[in-house]
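Inside the fold
What follows is the residue order along each chain.
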Amino acid sequence: MNLKKYFIRALHRLQKGPGYTYKELLVWYCDNTNTHGPKRIIKEGPKKKLIWFFLTLLFASLVFWQWGILINTYLSYNVTSSLSIGFKTMKFPAVTVCNANPFKYSEVKHLLKELDRLIEAALERILQPTPGNSSENSPPLDLELWHQIPLVLIDEHDKDNPVILDIFESNQTAGDNQTAAGNQTAAGNQTTAGNQTAAGNQTAAGNQTTAGSQTAAGNQTAAGNQTAAGNQTAVGNETAAGNETAAGNQTAAPPAPANATSEEKKYKLAVKLCSHRGSSNCTYRNFTSAAQAVTEWYILQSTSILSKVPLQERIRMGYQAEDMILACLYGAEPCNYKNFTHIYHPDHGNCYIFNWGMDEEALNSSNPGAEFGLKLILDISQQDYIPYLSSAAGARLMLHQQKSFPFLKDQGIYAMAGTETSIGVLVDELERMGYPYSDCTVNGSDVPVKNLYSQYNTSYSIQACLRSCFQNHMIEICGCGHYMFPLPEGVNYCNNEDYPGWAYCYSSLRSSIRHRQICIDSCKETCNDTQYKMTISMADWPSEASEDWIFHILSYERDMSTNVTLDRNGIIKLNIYFQEYNYRTISESAATTIVWLLSSLGGQFGFWMGGSVLCLIEFGEIIIDSLWITVINVISWCKGLKQKRVQARYPDAPPTVSELVEAHTNLGFQHEDAGALPRDEALPPEPGTPPPNYDSLRVQPLDVLGPDSDAETE
């Protein structure tokens, strides 16, 4: 009940309002506030009032300006990094080892046979062989495979009009005015079928068509308008001094001879990629070196071929663990290839992971030092490498966390054959703060990209996210997936037969900055990560004095043969160990906290105006009172406006009680309009009927009646 009365009083108080005007409220605040400055405004003389008003306004502006800076600094959510060093028994990292060559050449040779013949023939033409060097009895080339993704030469002697030269095209058609190999003028119809060599002055009248191989040996100068409409091959020094227009495929013999100057060597080898077969919508991937172009072309073509091979067959064609891992020792405990977990990696074929932690607990390292680490002897069988696919020989290895996928192409290192490679490991643990301080994720559940590497049951990583994002974009745009990345269900890998324009689409997507930025914005770093810093040293192994008996023993243990089947071109020894048990933890902490913000705001307010939290409450109180006065005034104004509208609708005064009674009892009564009489002669209002004397109705004894009563009167 008391609570109800309290709310009723509060409601009445709110309806009544503060009871002040704006001016009275402001004077009351200045007189009673604890903030320095406002009191002096109302108590000093006129001049000092003006000075104190200016100073108070200035310092209040400074306070609000500083507050804005402090709040903006707090909302930026900056972090500070701290480095701490600890000492504990650590888990040995997962070690992934692969061969730099993904497949044995003896196993995939039947699949890459036509591809190898094509690249060998192309290299013969690029390197300018003599006619006797080319094999005339070899079977015809599969140019259908070549034209799917061809290699071309780009002649840049005329930078404004570069000429595209197809390596395997030999037809040449020239028309219009042409001058070459001395003084030559075309003015008639001439057809030459075969090999033509110009070494002097030759004049032809008409249109000239050459349907063979044409070689110009000398100095050739074009000084007019030259239009090429066929395929032309030129070897020598050529200088263009006119206008040249290319209207077809013009083939020139690739690079100039060895004695040519640098200005004359303006040929580039490029990979031609078209949106579909026979399309003019093509792009050319240029390379500064023919070696790079050949490797890139071979990777694209082999990717198309191998994508159609079943996974189990690709695993069989790779290097098996029992052939690759010859010896294993972890600390003082022996191990073998059975202690490694197999995983198929698209870039490197069969890979093997030690201490991955998928099926059993991760191993701990008992002590730092080389004697307590992992020792491996590997055989990479370099003699069975694919010649045009793998230009580097060695083992590819990577140290990473347990249950994480190894991205060797980005984070792996090479170990060279014929050496003993020692890798000392230091551990860095990274601890990032989450939202809103950084856009990191704990397990990738809040990342909008579907992780295609989850099929390996591995943990989230930003590399997995970026590759999954790229593969999803390629499936969406190109209609197929790239061979180097995992596939979602219901999607096929790209190949030249089913998807002729996949290479063009892949190249465009890979060079697209927009799609790359979309993936970067979508993927997030992990909040907690472990990085392994490596110190690498190498030495020749085995030495010349010991290689004989070492190779005999290793050959016998692997092949049960007394003959030496191994050599230093294929043997690698690895030592992986912790350098020390000290680990570094790099952790982030908030640079600004709410405590820092409140103390900074109070410090600025107290310094400039001598205020405190109570002063802010006083200021809040006057703001609330001012708002409530405004609300009361608005309500009063609305009521007054409503009354004015009612008066405008009914201008006459309301009738009196006597008029209402008379109108009810006398039907002939007509109310007199006050406006009908003159203003001065208006009748005064008639008094109403007085109320009855209820005391006269009471029954009283006779002796109570006084001498003035009605009875005595009678």
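Before reading on, note that the structure itself is shown above.
No experiment lies behind these values; they were computed from the predicted model shown.

Some remarks on the environment of S304
You can see S304 is positioned in helix α7 (residues 290-306). S304 has contacts with C494, N495, N496, E497 and W502, leaving out every residue within four places of it along the chain. In terms of polar contacts, S304 uses its side chain to reach the backbone amide nitrogen of N496, at 2.8 Å.

Points about the side chain of D379
Looking at the element boundaries, D379 is found in strand β20 (residues 374-379). Its relative accessible area of 5% is what places D379 among the buried residues. When neighbours within four sequence positions are excluded, D379 is seen to be in contact with D323, M324, L326, R558, L566, G570 and I571.

With respect to the nonpolar core
Of all hydrophobic cores here, the largest spans 67 residues; its most connected members are L151, W297 and Y298. The greatest single-element share of this core, amounting to nine residues, is contributed by helix α5 (residues 105-126). If we ignore the near neighbours within four places in the chain, the residues touching L151 are I119, W146, D166, I167, L269, A270, V271, A293 and W297. Counting 36 residues, the second-largest nonpolar core is a separate cluster that includes C328, I413, A417 and L574.

Concerning the environment of A417
As for its position among the elements, A417 is in the loop between β22 (413-415) and β23 (419-431). On the basis of relative accessible area, A417 is assigned to the buried category, the value being 16%. Taking C-alpha positions, A417 is 6.6 Å from R568, a pair spaced 151 residues apart along the chain. If we skip the residues at most four places from it in the chain, A417 touches I380, Q382, R568, N569, G570, I571 and I572.

Comments concerning the sheet that holds β22
Reading across the sheet, the five strands line up as β18-β19-β2-β21-β22 and stay open at both edges, with antiparallel pairing between neighbours. Here the strands that pair on one side only, and so sit at the sheet edges, are β18 (340-345) and β22. Within this sheet the neighbouring strands show an average axis-to-axis angle of 30°, counted without direction. Bridge analysis of β18 against strand β19 (residues 349-354) gives six bridges, and the strand direction is antiparallel.

Describing the packing of aromatic side chains
The tally for this structure, following the rule as stated, stands at 24 aromatic pairs. For the pair Y77 and Y437, a centre-to-centre distance of 5.4 Å together with 85° between the ring planes defines the contact as edge-to-face. One end of the pair, Y77, is in the loop between α4 (46-75) and β1 (79-87); the other, Y437, is in the loop between β23 and β24 (440-441), with 360 residues separating them in the sequence. Consider the rings of F578 and Y581, whose centres lie 6.3 Å apart with planes at 70°: the pair is edge-to-face. With respect to class, F578 is no different from Y581; both count as buried.

Reading guide: rules and limits
Residues numbered from 1 in each chain as written. Predicted model: local features only at pLDDT ≥ 70, side-chain atom pairs only at ≥ 80, totals over all residues. Heavy atoms only, no water. Helix = DSSP H or I, 4+ residues; strand = E, 2+ residues; numbered from the N terminus. Contact = heavy atoms within 4.5 Å. Polar contact = N/O pair within 3.5 Å; in protein donor to acceptor, adjacent residues only side chain to side chain. Buried < 20%, exposed > 50% of the residue type's maximum accessible area, 1.4 Å probe, protein only. Core = buried A, V, L, I, M, F, W, Y, C linked by side-chain atoms within 4.5 Å. Pairing = 2+ DSSP bridges. Axes fitted to C-alpha atoms, helices over the stretch in contact; angles between N-to-C directions. Phe/Tyr/Trp six-rings, centres within 6.5 Å; stacked < 30°, edge-to-face > 60°.

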